[in-house]
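Chain residues, written in single-letter form:
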Amino acid sequence: MIPDKTAQRDVGREDDEGETDTPSKLSLISWNIDGLDGEKQPERARGLCSCLTSYSADVVLLQELVPPYCRFLKNRLSTAYTFIEGGKEGYYTAMLLKKSRITLLDWKIIAFPTTRMARNLLVAQVLFKGQKLCLMTSHLESCKPHAGERMRQLQLLLKKMTEVPDDVNILFGGDTNLRDAEVARVGLPICIHDVWEQLGEPEDCRYTWDTLTNTNKDVDFICRIRFDRLYLRQSAKDGIPQLKADSMALLGLEKLECKRYISDHWGIYCKFSTE
């Protein structure tokens, strides 16, 4: 595998001893891994495992996972990570929680009632450094003609985030398929923040689906868009530390030896601190 060259924004991998260089920070990866694409899938799966092992994030949120790909990841990563799956058939989402850093308390799947693509919201209640944290991931309805359903799913997602008790920090990460105009129409509650925007809209992390650079899909058009997003709702109760985004980078920007990228999406790697 060719070493992965990320768009770096003050982020670090593990050091040689396998300990994170910033153990007090929470690290998270969100990635649509395009498990539906069978082209060079074994090579791409090995590339993903190498990348995940290298970055050793506390939380990994995956979308478009398929059963063979999931079994491959479990065989190689289940010693270090607890796996939660948002489905068992077709394609679905999953969370990987680092056993040495994250304690799983509970989890559930919330159905999107009017989806035509079997989409849902995967939710986990965990502890990080003794503090309660709610994690969410989803793969919202795909394709431009399904904007109405996608916006309904966003509304439900935001509703669920606002319903979590205010002594809990909440992180959502996933492939939202959202266009900026759709987010504007729905509107984010004042308590929920787009992490990329919070970090000052870094240009090197603007496009997570970029057919100008990523050649995995054989398309005759150029589309550069931020489908993959992170949302943060900080705790609002006195005495409870708030999560704060510190840095963001894109992953998977380098082709593998098989001449394919790990996915048609770039992954998002983000670090958070408590204050």
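Per an unreviewed UniProt entry, the chain carries the name Tyrosyl-DNA phosphodiesterase 2 and comes from Takifugu rubripes. Of the chain, the UniProt comment under Subcellular location (unreviewed entry) reads exactly: "Nucleus, PML body".

Draft legend 1. Fine view of the overall build of the chain. Across its full length, the chain carries five helices and 14 strands. Computed over C-alpha atoms, the radius of gyration of the chain comes to 17 Å, within 12% of the 19 Å expected from 2.2 N^0.38 for 275 residues, which places it in the range of a compact globule. Sequence separation of 24 or more characterises 73% of the internal contacts of the chain that already satisfy a separation of 6 or more. Surface exposure of the chain reaches about 12100 Å², of which carbon and sulfur atoms provide 49%. Each charge class in the chain can be summarised by its mean position, and for the 38 positive and 40 negative side chains these summaries are 3 Å apart.

Draft legend 2. Layout of the pairing of strand E14 (residues 267-274). In terms of burial, E14 is largely enclosed, as seven of its eight residues are buried. Examined bridge by bridge, strand E1 (residues 26-32) and E14 share five bridges and lie antiparallel to one another. When the bridges of E14 are listed, Ser30 appears paired with Ile268. The pairing of strand E13 (residues 243-251) with E14 spans eight bridges and is classified as antiparallel. Its bridge partner lying in E14, Met248 is registered against Cys270.

Draft legend 3. Up close: the sheet that holds E14. Reading across from one edge, E3-E4-E2-E1-E14-E13 is the order of the six strands in this open sheet, with mixed pairing throughout. Sheet topology places strand E3 (81-85) and E13 at the edges, where each strand pairs with a single neighbour. Strand after strand, the sheet turns through a mean of 20° between neighbouring axes, direction not considered. Where helix H1 (residues 41-55) meets the sheet, it contacts E1, strand E2 (59-65), E3, strand E4 (92-98), E13 and E14, and its direction lies at approximately 165° from that of E1. Lying on the sheet, helix H2 (residues 67-77) is in contact with E2, E3 and E4; it crosses E3 at an angle near 165°.

Draft legend 4. Local environment of the UniProt feature "domain: Endonuclease/exonuclease/phosphatase" (unreviewed entry) in the chain. Cross-referencing UniProt, the feature "domain: Endonuclease/exonuclease/phosphatase" (unreviewed entry) maps to residues 29-265 in the present numbering. Along residues 29-265 one finds 23% helix and 33% strand; the C-alpha atoms at either end are 13 Å apart.

Draft legend 5. Here's a closer look at the sheet that holds strand E9 (residues 192-194). Spatially, E5-E6-E7-E8-E12-E9 is the arrangement adopted by the six strands of the open sheet, whose pairing is mixed. Taken across any chain shown, the strands that pair with only one partner, and hence form the sheet edges, are strand E5 (102-111) and E9. Put simply, the sheet's adjacent strands are angled 20° from each other on average, direction ignored. Here E5 runs beside strand E6 (residues 120-128); their pairing, made up of nine bridges, is antiparallel. When the sheet's bridge partners are listed, Ala111 is paired in E6 with Asn120. The sheet contacts of helix H3 (residues 147-163) involve E5, E6, strand E7 (131-138), strand E8 (169-175), E9 and strand E12 (228-233), and relative to E12 the element is tilted by about 30°.

Conventions used here
Residues numbered from 1 in each chain as written. Predicted model: local features only at pLDDT ≥ 70, side-chain atom pairs only at ≥ 80, totals over all residues. Heavy atoms only, no water. UniProt positions renumbered as here; feature names shortened; annotations may be inferred. Helix = DSSP H or I, 4+ residues; strand = E, 2+ residues; numbered from the N terminus. Rg over C-alpha atoms; globule rule 2.2 N^0.38 Å. Contact = heavy atoms within 4.5 Å. Areas by Shrake-Rupley, 256 points an atom, 1.4 Å probe, with all protein chains shown as cover. Lys, Arg positive; Asp, Glu negative; His and termini not counted. Charge placed at Lys NZ, Arg CZ, Asp CG, Glu CD. Buried < 20%, exposed > 50% of the residue type's maximum accessible area, 1.4 Å probe, protein only. Pairing = 2+ DSSP bridges. Axes fitted to C-alpha atoms, helices over the stretch in contact; angles between N-to-C directions.

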